[in-house]
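For reference, the chains in residue letters:
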Amino acid sequence: MHAWLCENPVGVDALAWKDLPTPEPGKGQVRIRIQAASLNFPDLLIVQNKYQMKPELPFVPGSEYAGVVEALGEGVTGLKVGQAVACLSGTGGFATHALAPAKLCMPLPPGFPPVDAAAFIMIYATSHHALLDRGQLKAGETVLVLGGAGGVGTAAIQIAKIAGARVIAAASTDEKCAFCKAQGADATINYSTEDLRERLKALTDGQGPDVIYDPVGGPFTEPAFRSIAWRGRHLVIGFAAGDIPAIKINLALVKGASIVGVFWGDFARREPAANAAMMQELAAWYAQGRIKPPIDRQMPMRELKTAYACMDARQVQGKLVLVND
């Protein structure tokens, strides 16, 4: 097998494409022949030693991938050799093969392409858990999606529309705002050229958004929260802007608003039955054509460093997927 190996987490440049022995699955594991793997923001943080999970060295990055089961380890039931699966295991995806816990593999129905499957779990599970569980989004409410043109942002737009919400998407360029409209956003804000608070006031008749979906952090969190509606919920998804913002806690008091943490990975671990039901609903929505990951581009697996550069430069709209021959 071949894999991008991280032996020293000092950044993308230290990754090396190496020829490695093809491993045999252990107890509870399967070996997957990887067809496609998507690039997510945590995949950048993890090779910079900035992610909350710090895997033992050396490791293969790539949190999310799809392919075909090649071999079963002891005790594995419910999967079979030749079955198409998607997996989000945190590492291992930027390779030709991976060992994955069988319990983390999502069997794919016929007609679910590997490129879509590799770009599916993280963004839709995060957004469904955030909006419908943690945010308790209701039909008729208004949602502000920060970073609307990114992977989780596009998933949030699609799911919020299914829930019957009005969606305002914020992004950094007019081109990205147009892309958000194509995903279903009702209105957009270019926060590079428009004042976020003033635009939100105009778009909501001064009421503010009921739910804020925030995977960005940095300088946008406080002005967004200052604009939130009474009883609003600000969902803390991540910090793509780099800086973790500090908010004066009295703002939550005067707004009657909540700051809500969203950690889908721990939800899946702590509440597996609820997570499984959520994933079934998402798979059904995909089959019905109600959600679909927007694929910005596909690149050969060997071009991972170029893919990282595209993400770091914020050139990706939706998802970037790496594919094996």
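As the structure is a computational prediction, the values presented were derived from the model and not from experiment. (Residues numbered from 1 in each chain as written. Predicted model: local features only at pLDDT ≥ 70, side-chain atom pairs only at ≥ 80, totals over all residues. Heavy atoms only, no water.)

> How should I be thinking about the nonpolar core in this particular structure?
By size, the foremost hydrophobic cluster in this structure holds 52 residues, and its most contacted members are Phe-120, Leu-131, Leu-235 and Leu-282. Counting residues per element, this core draws most heavily on helix α3 (residues 121-134), which supplies seven residues. Setting aside chain neighbours within four positions, we find Leu-131 in contact with Gln-136, Leu-137, Val-143, Ala-156, Ile-159, Ala-160, Val-211, Tyr-213 and Leu-235. Residues Leu-5, Ile-34, Ala-37 and Met-301 belong to the second largest nonpolar core, which totals 41 residues. (Core = buried A, V, L, I, M, F, W, Y, C linked by side-chain atoms within 4.5 Å. Buried < 20%, exposed > 50% of the residue type's maximum accessible area, 1.4 Å probe, protein only. Helix = DSSP H or I, 4+ residues; strand = E, 2+ residues; numbered from the N terminus. Contact = heavy atoms within 4.5 Å.)

> It is not clear to me how the packing of α3 against helix α4 (residues 151-162) should be interpreted in this structure. Could you clarify?
Any two packed helices are characterised by how steeply their axes cross, that is the angle between the axes, and by the distance between the axes. Relative orientation of the contacting elements α3 and α4 amounts to 50°, with a least axis distance of 8 Å. Here α3 lies oblique to α4, going by the angle between them. You can see that α3 and α4 cross each other, and the crossing is right-handed. Within the contact between the two elements, α3 uses Ile-123, Tyr-124, Thr-126, Ser-127, His-128, Leu-131 and Leu-132 and α4 uses Gly-151, Val-152, Ala-155, Ala-156, Gln-158, Ile-159 and Ala-160. Looking at the contact of α3 with α4 residue by residue, the classes come out as nine nonpolar, five polar and no charged. (Axes fitted to C-alpha atoms, helices over the stretch in contact; angles between N-to-C directions. Parallel < 35°, antiparallel > 145°, perpendicular 65-115°, else oblique. Left-handed = near helix turned anticlockwise from the far one by under 90°. Nonpolar A, V, L, I, M, F, W, Y, C, P; charged D, E, K, R; others polar.)

> Explanation requested: the pattern of salt bridges in the structure shown.
Under the criterion given, the structure shown has 13 salt bridges. Ionic pairing is found between Glu-70 and Arg-31, a salt bridge with its closest N-O pair at 3.0 Å. Remark: Arg-31 occurs in strand β3 (residues 29-39) and Glu-70 occurs in strand β4 (residues 64-72); sequence separation between them is 39 residues. Among the residues examined, Glu-70 registers a relative accessible area of 30% and is labelled partly exposed. Exposure remark for Arg-31: the relative accessible area of 10% places this residue in the buried category. (Salt bridge = Lys/Arg side-chain N within 4 Å of Asp/Glu carboxyl O.)

> Hey, could you run me through the pairing of strand β5 (residues 84-88) in this one?
Where a strand is regular, its side chains alternate between the two sheet faces. Burial runs high along β5: four of the five residues are buried. The pairing of β4 with β5 spans five bridges and is classified as antiparallel. Bridge pairing in β5 places Val-68 opposite Ala-84. By the bridge criterion, three bridges tie β5 to strand β7 (residues 105-107) in an arrangement that is antiparallel. By the bridge assignment for β7, Ala-86 is matched with Met-106. (Pairing = 2+ DSSP bridges.)

> Teacher, can you tell me more about the environment of Gly-208 here?
With respect to the helices and strands, the residue Gly-208 is situated in the loop between α6 (196-203) and β11 (211-214). With a relative accessible area of 8%, Gly-208 lands in the buried category. Here the alpha-carbon distance between Gly-208 and Arg-197, two residues eleven residues apart in the chain, equals 8.9 Å. Excluding anything up to four places from it in sequence, Gly-208 contacts Ser-227, Ile-228 and Ala-229.

> For this particular structure, what's the right way to read the packing of aromatic side chains?
Ring pairs (aromatic) are described by centroid distance and by the angle formed between their planes. Within this structure, the stated rule accounts for seven aromatic pairs. Both rings, one in Tyr-191 and one in Phe-220, keep their centres 4.1 Å apart while their planes meet at 25°; by these two values the pair is stacked. You can see Tyr-191 sitting in the loop between β10 (187-190) and α6 and its partner Phe-220 sitting in the loop between β11 and α7 (221-226), a full 29 residues away along the chain. Each of the two residues, Tyr-191 as well as Phe-220, counts as buried. The structure contains a cluster of three or more aromatic residues connected by ring pairs, namely Phe-112, Phe-120, Tyr-124 and Tyr-286. (Phe/Tyr/Trp six-rings, centres within 6.5 Å; stacked < 30°, edge-to-face > 60°.)

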